[in-house]
Amino acid sequence: MRCIIINKKALSIIFFIIGGLALLPYPFLMIANIMQIAGVRSEGDSALLLFVVYAFVIVSSLYLITYLVCLILAIVKRKQGFLLISAIPLYHLVLVFVLLLVWFLFE
């Protein structure tokens, strides 16, 4: 049985590709976020639910900025912390999905 060893640079590129694929539905997500902000709130919404909803809207809207900053930093700092920088957008995506799950649990 052969063990496949992937070097750090290849793994970083894979991380950036996965993070870039998450940008494909981003325009639709931004439209939904704008509609969520503009929508009318019902009287019975709890403060915790509103916090989770707005946290999701803010964090998911900032994903493009996180991805671009990490991509620029990875290009500038090719040798230092390349793997860590390329993993930050994936951590951001995990945070978005956790907030989405919490939102669904509160609904």
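Here the structure is a predicted model, which is why all the values come from computation and not from measurement.

Novice: Before we move on, can you summarise the overall build of the chain with the specific residues and values?
Specialist: A tally of regular secondary structure across the chain gives five helices and zero strands. Starting at the N terminus, the α and β elements of the chain follow one another as α-α-α-α-α. For the chain, whose C-alpha radius of gyration is 17 Å, the value lies well above the compact-globule estimate of 13 Å for 107 residues. A separation of at least 24 residues holds for 79% of the contacts in the chain among residues at least 6 apart in sequence. Carbon and sulfur atoms provide 77% of the accessible area of the chain, an area that totals close to 7800 Å².

Novice: Got a sec to walk through the nonpolar core? Specific residues and values, please.
Specialist: Counting residues in hydrophobic clusters, the biggest one holds 13 residues, and the most contacted among them are Phe16, Leu23, Tyr63, Tyr67 and Ala74. Those elements giving two or more residues to this core turn out to be α1 (8-21), α4 (63-76) and α5 (82-106). Leave out the neighbours within four places in its chain, and Tyr63 touches Gly19, Ala22, Leu23, Tyr26, Pro89, His92 and Leu93. The next biggest cluster of nonpolar side chains, apart from the first, holds ten residues, and it includes Leu49, Val52, Val59 and Val96.

Conventions we followed
- Residues numbered from 1 in each chain as written.
- Predicted model: local features only at pLDDT ≥ 70, side-chain atom pairs only at ≥ 80, totals over all residues.
- Heavy atoms only, no water.
- Helix = DSSP H or I, 4+ residues; strand = E, 2+ residues; numbered from the N terminus.
- Rg over C-alpha atoms; globule rule 2.2 N^0.38 Å.
- Contact = heavy atoms within 4.5 Å.
- Areas by Shrake-Rupley, 256 points an atom, 1.4 Å probe, with all protein chains shown as cover.
- Core = buried A, V, L, I, M, F, W, Y, C linked by side-chain atoms within 4.5 Å.
- Buried < 20%, exposed > 50% of the residue type's maximum accessible area, 1.4 Å probe, protein only.

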